[in-house]
Amino acid sequence: MLQLSRRYTSVWSFLAIVLIVIFLLSLCFGAIVIRPEEVFYSVRNYFSSNPLQLNERIFLDIRLPRAISCVFVGASLAMAGVLMQALFRNPIVEPGLVGTSSGAALGASLYFVLGATFKFNAGVWTLPLAASLGGALATLLVFFLSHRLDGRQSVISLLLTGIAVNAICLSGVGLMSYLARDPQARSITFWNLGTLSGSNWNTAIIVGLSALVCLIIALRFAKELNALAMGESEALHLGVHLGRLKISVIALTVVLVATATAFVGVISFVGLIVPHLLRLIKGSDNRYLLIGSALLGGTLLSLADLAARLMLAPAELPIGIVTSVVGVPVFIFLLRRNQHYL
Amino acid sequence: MPLRLDNLTVQINSRKLLDGISVVFEPGKMNLIIGPNGSGKSTLIKAASKQIAMSEGSVKYGQQEIDSLSYQQLAKFRAVLSQNTDVAFPLKVWEVVMLGRSPHFVSSPGSFDLHAVEEAMNYFDVSAMADRDYFTLSGGERQRVNFARVLAQVWFPHPGQMRYLLLDEPLTFLDVNYQYQFMHKLQKLAEKKDIVIVGVVHDLNLAARFGDQISLLNEGKILAHGSASEVLTKENIRKAFHIQPEIFQHNELVFISF
């Protein structure tokens, strides 16, 4: 009897367990070690409104929201990677390469420097909004500039256009940080390198909501993205509405990447490495990849954040540097192995 | 409920790729399309499958105008085998075949779909490679897997609804054994009265041997239309292909040599 279906539950549960373990580790370790019983006391004291100890305060106000943000940021970036790769039919595409991250960073830094002048304000949503707008514009720019007349997408022109648009956006960010006064300039620099040190409960809630909502919507497109693996005309014959699919998937990636980037800055290569690892484990079904990448993305970014916090403790390294150090070799490896895709 | 093309015209810039094609493809028959390179065979398949827009005329699946059908509706009863299909990510053979079922399920395949995939793979003899990576297959093997995928898409009959199979050069990459095997299997499918089969072939002898109704295209127009002996005449072949054939008849079979 042929085995004609795949059960992903075991892989998903394994990834979920690993995620929980890494999450707990990232709660405990950092500049200050927080013991498990302190976690327990802090929660108890919080609800019984007893005065909190210093470590308990650190745990509740800093460590916990940061760990949660980290999981959701990693999940967002990895899911965006899966979506973009499926859409462009290429395993070496990544949100950082097609302008989304740098566009979001530009939008965010414009808001930080000029927001006060233009009285542009929408509460806690201002920053994600500005970043999403920047990310969306940059991505659409790359998408349309690299679109060939026959409707196909050449990966080379995509990557080259991505480089150009990234350069424009990053020089815009540079200009903004040149114009900015000290506290603003500092936050802009931090975005470029990526850091979770600024995350609080707002970050955790907003990024978490965006990740969960986008995951649920993205799963509805998994089947159509699978069909797209056979090419656009085959997908069409399999009943896929291509225009709607493309717009929806680009919108999803922009929201995912821009929201994450707005709070933690440019973190590259998570969207590249995670889907690749998952394909090695159990194939290319996008339903599996989306859920798997949410879990594994959260795990890997938590690990990277742990490393960023521990390597120079009590100071910390920008997390974008950690992911780039790991990601660049993987990217070059994939590029060399997949030369026939270019 | 045939597939009916009426005055089908496809014009790109000022060039007419198809020029007023009117033809009816009946169920229960092998409808084959032949013609020289650039005569519009692939364009005809693309226009008939809504992949490209037509400039004039109409395409009707039974009573339904193609413009009134969404891609999703079409995909439930009409499958298309295109030229040069490639896969962007590593997929197992059965996963490729399962893609053919995707118009029929919501998020993940059910037992009906598994059943169709299994039988379509058996039908085209690719069950043995079900677990292999599609990337590792040869051109001919891939082609057979794609047959299975396309057939899986329209595997189950729908009461009151014809099924349509449009095949653009299905015989590419196949050796002579598989070419004949495939044509025999297609002939068997054509015996089912609810399937309309339209195929583009290059080999005139294969067309002569298997075609119940042959359409010879030339410069975007139908040069001749009918049975093998009506269409494959010296005159027609010379006009379309600019080569002088020898034609032999033996027991109602037509053989062409150059």
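Residues numbered from 1 in each chain as written. Chains lettered and ligands numbered in written order. Predicted model: local features only at pLDDT ≥ 70, side-chain atom pairs only at ≥ 80, totals over all residues.

**A few points about the overall build of chain B**
Inference 1: When helices and strands are tallied, chain B shows nine helices and twelve strands.
Inference 2: Taking 258 residues into account, the globule formula puts the C-alpha radius of gyration at 18 Å, and chain B, at 18 Å, falls close to it.
Inference 3: The principal-axis extents of the C-alpha atoms in chain B amount to approximately 55 × 40 × 35 Å.
Inference 4: Looking at chain B as a whole, 43% of its 258 residues are labelled buried. (Helix = DSSP H or I, 4+ residues; strand = E, 2+ residues; numbered from the N terminus. Rg over C-alpha atoms; globule rule 2.2 N^0.38 Å. Buried ≥ 20, exposed ≤ 12 C-beta atoms within 10 Å, placed from the backbone.)

**Some words on the overall build of chain A**
Inference 1: Tallying secondary structure elements over chain A gives 13 helices and zero strands in all.
Inference 2: Element order for chain A, N to C, with α for helix and β for strand: α-α-α-α-α-α-α-α-α-α-α-α-α.
Inference 3: The C-alpha atoms of chain A give 20 Å as radius of gyration, which agrees with the globular expectation for 342 residues (20 Å, within 12%).
Inference 4: Dimensions of chain A, computed from the C-alpha atoms along their principal axes, are close to 65 × 60 × 35 Å.
Inference 5: Classification of the 342 residues of chain A by burial places 49% in the buried group.
Inference 6: Once local pairs closer than 6 in sequence are excluded, the contacts in chain A between residues at least 24 apart make up 79%. (Contact = placed C-beta atoms within 7 Å.)

**A short note on the interface of chain B and chain A**
Inference 1: Contacts between the two partners involve 29 residues from chain B, matched on the other side by 24 residues from chain A.
Inference 2: Among the elements that take part in the side of chain B that touches chain A, helix 2 (residues 71-77) of chain B stands out by supplying four residues, more than any other.
Inference 3: Residues belonging to the side of chain B that touches chain A are distributed by class as follows: 17 nonpolar, nine polar and three charged. (Nonpolar A, V, L, I, M, F, W, Y, C, P; charged D, E, K, R; others polar.)

**Some points on the domain arrangement of chain B**
Residue and element names in this part refer to chain B.
Inference 1: Parsing chain B into structural domains produces domain 1 (1-77 + 161-258) and domain 2 (85-157).
Inference 2: Here domain 1 and domain 2 have C-alpha centroids that lie 24 Å from each other.
Inference 3: Each side of the interface is counted separately: domain 1 has 15 residues, and domain 2 has eleven residues.
Inference 4: When residues of the side of domain 1 that touches domain 2 are traced back to their parent elements, those giving at least two are helix 2, strand 7 (163-168) and helix 6 (176-191).
Inference 5: Examining the composition of the side of domain 1 that touches domain 2, we find that four residues originate from one element, helix 2, more than from any other.
Inference 6: Each residue belonging to the side of domain 1 that touches domain 2 can be placed in one class, and the counts come to eight nonpolar, two polar and five charged. (Domains from an automatic or database assignment.)

**Section: the sheet that holds strand 4 (residues 56-61) of chain B**
Residues and elements named next belong to chain B.
Inference 1: The four strands are arranged 2-1-4-5 in an open sheet whose pairing can be described as antiparallel. In this open sheet, the two strands that pair with only one neighbour each are strand 2 (15-25) and strand 5 (64-65).
Inference 2: Strand direction decides the pairing type here: strand 1 (residues 3-12) and strand 2, joined by seven bridges, are antiparallel. Bridge pairing in strand 2 places arginine 4 opposite valine 24. (Pairing = 2+ DSSP bridges.)

**Considering the sheet that holds strand 3 (residues 30-34) of chain B**
All names here are of chain B.
Inference 1: Strand order in the open sheet made by the six strands is 6-7-8-3-9-10, with mixed pairing throughout. Each edge of the sheet is formed by a strand with only one pairing partner; in this case those strands are strand 6 (78-81) and strand 10 (221-226). For this sheet, the mean inter-axis angle between neighbouring strands, taken without regard to orientation, is 15 degrees.
Inference 2: Across four bridges, strand 3 lies against strand 8 (residues 195-200) in parallel orientation. Bridge pairing in strand 8 links leucine 32 to glycine 199. (Axes fitted to C-alpha atoms, helices over the stretch in contact; angles between N-to-C directions.)

**Concerning the nonpolar core**
A general feature of soluble globular proteins is that nonpolar side chains tend to end up buried together.
Inference 1: Judged by nonpolar contacts, the single largest core of 177 residues is most densely connected at Met79, Leu83 and Ala108 of chain A together with Val97, Ala120 and Ala148 of chain B.
Inference 2: If you tally residues by element for this core, the top one is helix 3 (residues 54-88) of chain A, at 17 residues.
Inference 3: Domain assignment of the residues forming this core places at least three in each of domain 1 (1-77 + 161-258) and domain 2 (85-157) of chain B. (Core = buried A, V, L, I, M, F, W, Y, C linked by C-beta atoms within 7 Å.)

**Regarding the environment of proline 128 of chain A**
Residues and elements named next belong to chain A.
Inference 1: Note that proline 128 resides in helix 5 (residues 126-145).
Inference 2: On the basis of neighbour count, proline 128 is assigned to the buried category, with 27 C-beta atoms found within 10 Å.
Inference 3: Residues proline 128 and leucine 25, spaced 103 residues apart in sequence, show a C-alpha to C-alpha distance of 29 Å.
Inference 4: Each residue touching proline 128, except ones within four places of it in the same chain, is listed here: Ile206, Ala258, Thr259 and Ala262.

**Some remarks on the pairing of strand 6 of chain B**
All names here are of chain B.
Inference 1: Neither face of strand 6 is exposed, since Arg78 and Val80 on one face and Ala79 and Leu81 on the opposite face are all buried.
Inference 2: Relative to strand 7, strand 6 runs parallel, the two sharing four bridges. Bridging across to strand 7, leucine 81 finds its partner in leucine 167.

**Notes on unusual backbone geometry**
One can expect most non-glycine residues to show negative phi and most peptide bonds to be in trans.
Residues and elements named next belong to chain B.
Inference 1: For asparagine 7, which is not a glycine, the phi torsion comes out positive at approximately 50 degrees.
Inference 2: The residue asparagine 7 is located in strand 1 in this model.
Inference 3: Judged by local crowding, asparagine 7 falls into the partly exposed class, with 13 C-beta atoms found within 10 Å.
Inference 4: Although it is not a glycine, glutamate 219 adopts a positive phi angle of roughly 50 degrees.
Inference 5: Of note, glutamate 219 is situated in the loop between strand 9 (213-218) and strand 10.
Inference 6: By C-beta crowding, glutamate 219 is classed as partly exposed, having 15 other C-beta atoms within 10 Å.

**Quick word on the packing of helix 2 (residues 36-47) of chain A against helix 3 of chain A**
All names here are of chain A.
Inference 1: Relative to each other, helix 2 and helix 3 sit at 80 degrees, their axes nearing to 9 Å. Classified by the angle their axes make, helix 2 and helix 3 are roughly perpendicular. Packed against helix 2, whose contacting residues are Glu38, Val39, Tyr41, Ser42, Asn45 and Tyr46, the element helix 3 presents Asn55, Glu56, Phe59 and Leu60 at the interface. (Parallel < 35°, antiparallel > 145°, perpendicular 65-115°, else oblique.)

**Regarding the packing of helix 3 of chain A against helix 10 (residues 242-264) of chain A**
All names here are of chain A.
Inference 1: It is the contact of helix 3 with helix 10, at a shortest axis distance of 9 Å, that shows an interaxial angle of 150 degrees. With respect to helix 10, the axis of helix 3 lies roughly antiparallel. At the point where helix 3 passes helix 10, the crossing takes the left-handed sense. Contacts between helix 3 and helix 10 involve Ser69, Val73, Ser76, Leu77, Met79, Ala80, Leu83, Met84 and Leu87 from the first element and Lys246, Val249, Leu252, Thr253, Leu256, Val257, Thr259, Ala260, Phe263 and Val264 from the second.
Inference 2: Taken together, the residues of the contact of helix 3 with helix 10 sort by class into 14 nonpolar, four polar and one charged. (Left-handed = near helix turned anticlockwise from the far one by under 90°.)

**As for helix 7 (residues 182-193) of chain A**
An α-helix turns once per 3.6 residues; consequently, residues spaced three or four apart project the same way.
Inference 1: In this model, helix 7 of chain A (twelve residues) spans 17 Å end to end at C-alpha, consistent with the 16 Å of a helix rising 1.5 Å per residue.
Inference 2: Just downstream of helix 7 of chain A lies glycine 194 of chain A, where phi reads positive at about 80 degrees. (Expected span 1.5 Å × (residues − 1).)

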